[in-house]
Structures are given as C-alpha cells and as structure tokens.
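Listed below, chain by chain, are the residues.
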Amino acid sequence: MSTTISKLSELESIKVNSNFLRGTIVESLQDSASAALAKDDAQIVKFHGFYEYDDRDTREERRRQLLEPDYQFMIRARVPGGVCTPQQWLALDDIARKWANGTIRLTTRQAFQFHGILKHELKASIRAINDSLLDTIAACGDVNRNVMCTPLPEASDIHRQVFAAARSLSDHLTPHTTAYHEIWLVDEEGRNKVAATPDREPIYGPDYLPRKFKIAFAIPPRNDVDVFAHDLGFIAIAGTDGLAGFNVTVGGGMGATHGDPATYPRLAELLGFCAPDQVEEVAEAIVSIQRDYGDRSNRTHARLKYPLDDHSLEWLHAQMEQRLGYRLPADRPFEFSHNGDRYGWQQTTDGLWHLGLFLENGRIADVGGARQLSGLRAIAEVHKGEFRLTPNQNVIVSCVDAPDRAHIDHLVQAHGLDSYLHSSPLRLHSMACVGFPSCGSSMAESERYLPEFISRIEALLLEHDLKDQAITIRMTGCPNGCARPGLAEIGIVGKGPGLYQLYLGAAFNGTRLNRKVRESVHEDEILVLLGELFTDFRSMAKPDETFGNFVLHSGILQDGVEEAVI
Ligand code: SF4
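Draft legend 1. View of the nonpolar core. One finds Trp-89, Phe-112, Phe-114, Phe-217, Phe-234, Phe-246 and Leu-376 to be the most contacted residues of the largest nonpolar core, which totals 105 residues. Residue contributions to this core peak at seven residues, all from helix H9 (residues 279-293). Counting the residues that make up this core, at least three belong to each of domain 1 (144-178 + 198-340) and domain 2 (344-424). Not counting chain neighbours up to four residues away, the residues in contact with Phe-114 comprise Phe-73, Met-74, Ile-75, Leu-92, Ile-95, Ala-96, Ala-100, Thr-103, Ile-104 and Ile-129.

Pasting the structure below:
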C-alpha cells in the first residue's frame, strides 16, 4: 500500500490539501503583483493541463537586472487517439495566433501544445480550447494522460474500433473533479455554472496517482506509438471478423535521473490478452495497482515500472486477479515492423486517402520560406475529413476523397509543407523534445539544435554512401525521456550546455532499448564515433540489416540490452 505519511513527497500533501485540484488557483490568477502563480498552485495546475515556466534565454539577464523571471505558461490540449476535426484545427490555430507565441507544437503523445501564454490569458485560452470540444484536463499531472492510438493503419475498420476503445478509455479515466469546470469554464457573468455536487474521484482518490500514467493503443505492424514505452499498452489483435481483442503490456517508461542508478528507462512486458469489452476494467485495475503501490516518497521512482521490478510480473497477475476475479489468458502472436511514421498519400480499405506530412520536431510556424501554420490553416478551411496527429510529432490530412487530393496537394506545395518529399530518411525518423527555452527541466538544447546536428550526420552518411539509410534519431534536453530517446537507434540525451549522453543500438521497431556508449560528449565526439560506425556498417552490414541491429552485433555495447519479449 502507499508509503507511510512521514515519508510522503511534498507534492502528496499539496494534492491532498488541494480540495480536488482547486488549491488557490483562482486567487493566484487574480494576483496582479506577479506573472507567476503561488508555488503550490504551480503544481496543481499541471492536472488542469498546463505548466508554468520562465524563459530560459532571459533568465540570467533578468536576474542581473533584479527583475522577476519572465513567467509564461505552456498549455497542452488533449486529443485522445490523435484525431481532430478541421474546425478544431482552426480554433487551435486562432489560439496560437491570439494568445500563444504564434506557433503550434505537436507533441510526441498526439497532443497540441501552446507556448508563451501569459497568466491573464490562461482562462480565455483554456475556455477557447473547450469551446472547440477539446480539453486540457489531465493533459499533465499525476493522472492518466492523453491516450494514444496508431493514427493510420492500413485497415480503416480496425482503426475505427481501436480508436473508439482509446476514446472510451480516455473518458473513463478522466478525473471527476468539478474544479476544472468551475475555474476555467464559468465566465465572468457566471454563465456555464454547474450545480455544486460533492467531489469524488472513484478511481484516483483524493491524492490521485503517485506519478503520471501513460497508455497507448498500437495496431500492428505499426508500433508508431512505441507501445513498450508506456505504463499500459494495448496491442490490437485482428480476428477473422475485425478486432479480436488486445495483448496487454505493462511497466514501460523512458524517464531516468542522471547519476541515480535506481532510475532507468524500461520496456513494458506482455501481461496477457483481453477482449475489447474488458479494456476498461483491465485498465482500471492496473491504474489502481499503481495508485496503491507506486512510490509516493520519491517522485523519480514512482512510475509503475518500479513496483513491477520490486515485485514481479506474477505479483502483478495476482493483484489483477484480486481486483478482476480472473486471470488474463496468454497473449497472442503479433509482429511490429517499425516505430516511425509514413509520409505521402496512402489509401485505406474504405477508399479514402490520407496524406502524411513531416513537421520537423512538431513545430508548426510561419518561418523563412515555409508557411506551415498558414498552410495547415488553409487546408483546414477546405478539408472535409479529419486531421490525425502522429506519435512522431507529424500530422496526417486524413479521410480525403479522391477528387479533393489535387487541391490539398496544391496547398501543401504552396506553403512549403512538402518537406517530406526532399528530406533524408534520417531526418524523417527524427524527434526532439521542446528543451530550451521553455522547459524548466532542460539541461541542453534539443528542438532548436537537432535539425542542424542532423545536417552534419547527413553529410557523414553521404560520405559513406548511406544517404538513403533510415535510422531513428531522437534528442532530449534532459533524461526525462519525452521524445522516447531510449527507443531510438541513435539516442542523444542532454547533460549540460553542449554536452550529451549518447545511446546506440535500439531496434528499428521499438522493441529493444538502446544502451549508453558515451557519458558526457560534445557534438564532435559523437560525429567521430558515428563516422567510424558508418564505415563498418557500410562494409560489414548484412543485406537489410538496420543500423541498430548492426550496432548491437558490433561489440560496442558493453552491457546486455533489454528486448521486449514478443
Ligand atoms: Fe523538458 Fe526533459 Fe521533457 Fe525535454 S525531455 S521536454 S528537457 S522534461
């Protein structure tokens, strides 16, 4: 059960004392003396879907001038399963232009992020997101976050069923507190008020979870969601008449803390198989185990992967049996081919067309020659289908009728959204987290730096006659793992300004973690090592061998690697 009261982390008492996530947020918003929220409120608002941060680029200068840090807010809009309408896209584009920094950021978990929002603009921004029939509650915080789903499998009927399961589970696990509605959706005239009812959280309880909880639905052969990186995963298994059910995975997580060997990235394990109508009860049982056994004394050691390692998979089965009254049967065979996105036009079994567009690191902006923000707005104004956010920070203009393709193509080309046609396979398989200047945890550049670093690796690949080689590469500004660097064939994790840890050897399909090969290195040292490996890869790799598999067999990885058992 939960750790004893005396050992609880500070955030545990903040949660319990917040009166179901109210805290003093209303008072904090009204306090015009500071651009920040009260300290405890800055923690509670994460459950409402946003973070307070200060601009890291100006922090030192403002400190020298004895000015308050430049406090701003990042708001995250949940998009369960990654599907939104053109009307929703237009509403979010309005928010980006009106209150945020004129850009939209697609996250690695199929959500939208807005940066640079000021305290007095929070309420209007969040209300506008809700007016578009999306929301921000539980986009961050110690609760189940945005539920992910493979956005575009070949079979549209399977997607419909799996997507419906993801949406339904997302609703089932959304916090019940009315604080969100009360604080953000009731306007100055008191409109939108709901009758006051006693708050209760039947799944989470008043102290919510010990840490964030992440769920993904994968549809083989695509593992674009990186299902083994999640606390809980559902792998769709097709039967003769559509969806037969799901293999259930538990205990994944990418985060770690530098210098703390008690924390580590971990792949999820297969737990068994469940029918589609068992998804909610299975998920609720797993969430309740994390609620009861997750470490509430140490937040860096609080994800489900740690109690699972402290006990065993058999222990988890026993816990499940206690809560469900039955044991999950054995998992069923499946195969994953890759964990990246596909670009360009594809057709699904219902005859509709889908256009996958590459948006480097998920940042949508009008900069230089490319006017991607305006281009996607122009597409949203005429598009009759859907937008689907991918787990690799890209977008699919989805469900297009054949006669409409030409006009969409014209808009794509006119706004510089066609970079997928002339980007290298390395770049098309890249991801970076936000990092500087807007993430408070960042230790090194990531989003702003990865594009130019990739250009240098592209030059190396060209030199070695490997320019068409697809290699997954991911960079994060700290070891929290937001861009899932542990599952990249080249993983680069920030350690300090200009300094990174280098990881190599993950599988191309997201079923094997990479391993650290360098502790604190600059770009030049990474390029030298990659150059040596590319030389060997070019001359010694077997036909169709991926770079990660080659590195695994090259002897450079000192320790064993963790592979998913499939
Ligand atoms: Fe911030 Fe670290 Fe996540 Fe990057 S990985 S966005 S630096 S918390």
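Now that the structure has been shown, we can carry on.
Draft legend 2. Structural context of empty space enclosed by the protein. Across all of its chains, the model carries two cavities of 30 Å³ or more by this definition. Taken as a whole, the largest cavity encloses approximately 50 Å³ of empty space. Along the walls of the largest cavity sit Asn-339, Gly-340, Asp-341, Tyr-343, Asn-392, Leu-428, His-429, Ser-430, Met-431, Thr-472 and Arg-474, which together make up its complete lining. Considering only residue class, the lining of the largest cavity consists of three nonpolar, six polar and two charged. By volume, the second largest cavity amounts to about 40 Å³. Lining of the second largest cavity is provided by Pro-151, Leu-152, Arg-222, Asp-224, Asp-341, Arg-342, Thr-390 and Ile-396. Taken together, the residues of the lining of the second largest cavity break down into three nonpolar, one polar and four charged.

Draft legend 3. Broad picture of helix H13 (residues 405-414). Taken as a whole, H13 has its buried residues at Ile-408, Leu-411 and Val-412. The arc that holds the buried residues of H13, viewed along the axis, is 100°, so those residues lie on one side. Of the exposed residues in H13, the ones pointing more than 90 degrees away from its buried face are Ala-406, Gln-413 and Ala-414. Packing partners of the buried residues in H13 comprise strand S11 (344-347), strand S12 (353-357), helix H12 (372-382) and strand S17 (395-400).

Draft legend 4. Spotlight on the pairing of strand S21 (residues 499-504). Within S21, five of the six residues are buried, which leaves it mostly tucked inside the rest of the structure. Taken together, the six bridges between strand S20 (residues 490-496) and S21 define a ladder with antiparallel strand orientation. Bridging across to S21, Gly-494 finds its partner in Tyr-500. Counting the residues in the hairpin turn of S20 and S21 gives two residues, including Gly-498, whose phi is positive at 75°. Summarising the sheet, S21 and strand S22 (residues 515-521) pair through four bridges and their orientation is antiparallel. Pairing of Tyr-503 across the sheet is with Lys-516, part of S22.

Draft legend 5. Geometry of the sheet that holds strand S10 (residues 269-274). With mixed pairing, five strands are arranged side by side in an open sheet as S6-S7-S8-S9-S10. On the outer flanks of this sheet lie strand S6 (148-149) and S10, each paired with one strand and no other. Both strand S7 (residues 215-218) and strand S8 (residues 232-239) contribute to a ladder of four bridges, which runs parallel. Note that in S8 the partner of Phe-217 across the bridge is Phe-234.

Rules behind the numbers
Residues numbered from 1 in each chain as written. Predicted model: local features only at pLDDT ≥ 70, side-chain atom pairs only at ≥ 80, totals over all residues. Heavy atoms only, no water. Core = buried A, V, L, I, M, F, W, Y, C linked by side-chain atoms within 4.5 Å. Buried < 20%, exposed > 50% of the residue type's maximum accessible area, 1.4 Å probe, protein only. Helix = DSSP H or I, 4+ residues; strand = E, 2+ residues; numbered from the N terminus. Domains from an automatic or database assignment. Contact = heavy atoms within 4.5 Å. 1 Å grid on protein atoms, 1.4 Å probe; cavity = no way out; pocket = protein on both sides within 12 Å on 5 of 7 lines; lining within 4 Å. Points joined across faces, edges and corners; volume = space filled by probe spheres on them. Nonpolar A, V, L, I, M, F, W, Y, C, P; charged D, E, K, R; others polar. Arc of directions from axis to C-beta. Pairing = 2+ DSSP bridges.

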